[in-house]
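One letter stands for each residue in the lines below.
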Amino acid sequence: MRITVLTVPDCPNAPVARERIAAALDGRTVDVELVEVREEADAARWGMTGSPTVLLDGVDPFAVAGGAAPSVSCRLYRDADGRTDGAPSVQALRQALAGGSVDLCAATGEDCCDSDVLDLVGRGGRGRRAPAEGGLRAVHQAVLRHFAATGSAPEPAVLEAAAATAGRMAGEVLAELDREDFLTLDGDGQIRAAYPFSAVATPHRVRIADGAEAWSMCAIDALGIAAMLDQDVVISSVDPVTAEPVTVTVTGGAAVWRPAGAVVFVGRRGHEGPAAAVCCDALNFFASDASARIWAEEHPQVKGGIVSQARAEEIGRDTFGPLLRGN
């Protein structure tokens, strides 16, 4: 690996970056080249967006989704706890050196990832576990279990027994679940989606160990299915830019991603509405950070950023893990 630190002359954070790189290498011997950049034209040629900029084999692993202008000014980095610093943290450097993705929602201070987008995914902090009152949870859980077992949405008639426990009709309960964005109905009252499942084809297919194959609404939804069902799954998706396959195999709660550098972009569109209309098509798997950045540049109307594998798994687990607990 070739490590390059781009810096303006006498930048006080350049030695800090080099010290942290040495710590992140954990004793491995790698040459670290220090390049002084004085002019904006040279910054553009090198890909420097502030001092210091760290390149790994010529690539900036901390680049902002959507790009940043070349600059010979100071650069600030934000760690996972939201603190700003003049150089990447040792933890972030270790992750980048290992070929993993830096969580750009944290690294760039973009709270859209953990605020706007994820509030929508999680119903503004209210969660996606339907309340027990009015038969909502009974019907919702019946819908999810039917998807898991068959890979398809149940007909409303199949749900009448669950709705009857609250003295209601299935259609009435489904309409309320739709209004509260636990699921979505089409114009005929048929279930089109029940997060994390989709009744229509999407780019994300999930094979459930003790169940069926089902479509999921988005990348985060796909990652939540294993935790929701407490089962092993294999997720098959595709990079929207390169068409490269992306596979996540979850066994015993541990996930293996292929390619190893795959990431998830989480985003939302500016208009209001249910998650299915506002963000599901903007929550995708990508084979690499670079591919995700290309997609972000091509979709400026989508606000969001790249998250690491670990963060994407955590979001899916926290969002969908509780859905089938209790009754």
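## As for the packing of helix α6 (residues 136-150) against helix α8 (residues 170-179)
Moving on, step 1. The interhelical angle for the contact between α6 and α8, taken along N-to-C directions, is 85°, at an axis separation of 10 Å. Comparing the axis directions of α6 and α8 gives the class roughly perpendicular. Contacts between α6 and α8 involve L136, V139, H140 and V143 on the former and, on the latter, V173, L174, E176 and L177.
Moving on, step 2. Considering only residue class, the contact of α6 with α8 consists of 6 nonpolar, 1 polar and 1 charged.

## Structural notes on the sheet that holds strand β17 (residues 283-286)
Moving on, step 1. The strand order across the open sheet built from 3 strands is β17-β16-β18, with neighbouring strands paired in antiparallel fashion. A strand with exactly one partner marks an edge of an open sheet, and here the two such strands are β17 and β18 (302-307). Ignoring strand direction, the axes of neighbouring strands in this sheet form an average angle of 20°.
Moving on, step 2. Here strand β16 (residues 263-269) pairs with β17 via 4 bridges, running antiparallel. Each residue of the ladder has a partner; that of F265, found in β17, is N284.
Moving on, step 3. Relative to β16, helix α11 (residues 289-298) is tilted by about 15°, and along the sheet it contacts β16, β17 and β18.

## Structural notes on the nonpolar core
Moving on, step 1. One finds V139, V143, L177, F197, I220, V264 and F285 to be the most contacted residues of the largest nonpolar core, which totals 55 residues.
Moving on, step 2. Considering each element in turn, this core owes the most residues, 8 residues, to helix α9 (residues 219-229).

## A few points about unusual backbone geometry
Moving on, step 1. In this chain, S51 is followed by P52 through a cis amide linkage whose omega measures 0°.
Moving on, step 2. Y195 connects to P196 through a cis peptide bond whose omega is 15°.
Moving on, step 3. Tracing the chain through its elements places P196 in the loop between β9 (191-194) and β10 (197-198).
Moving on, step 4. Its identity is not glycine, yet D181 carries a phi of approximately 65°, on the positive side.
Moving on, step 5. By the secondary structure assignment, D181 is in the loop between α8 and β8 (184-185).
Moving on, step 6. Its relative accessible area of 10% is what places D181 among the buried residues.
Moving on, step 7. Residues other than glycine seldom take positive phi values, yet A243 does so here, at roughly 65°.
Moving on, step 8. Topologically, A243 is positioned in the loop between β13 (233-238) and β14 (245-251).
Moving on, step 9. By relative accessible area, A243 is classed as exposed at 54%.

Quick notes on the rules
Residues numbered from 1 in each chain as written. Predicted model: local features only at pLDDT ≥ 70, side-chain atom pairs only at ≥ 80, totals over all residues. Heavy atoms only, no water. Axes fitted to C-alpha atoms, helices over the stretch in contact; angles between N-to-C directions. Helix = DSSP H or I, 4+ residues; strand = E, 2+ residues; numbered from the N terminus. Parallel < 35°, antiparallel > 145°, perpendicular 65-115°, else oblique. Contact = heavy atoms within 4.5 Å. Nonpolar A, V, L, I, M, F, W, Y, C, P; charged D, E, K, R; others polar. Pairing = 2+ DSSP bridges. Core = buried A, V, L, I, M, F, W, Y, C linked by side-chain atoms within 4.5 Å. Buried < 20%, exposed > 50% of the residue type's maximum accessible area, 1.4 Å probe, protein only.

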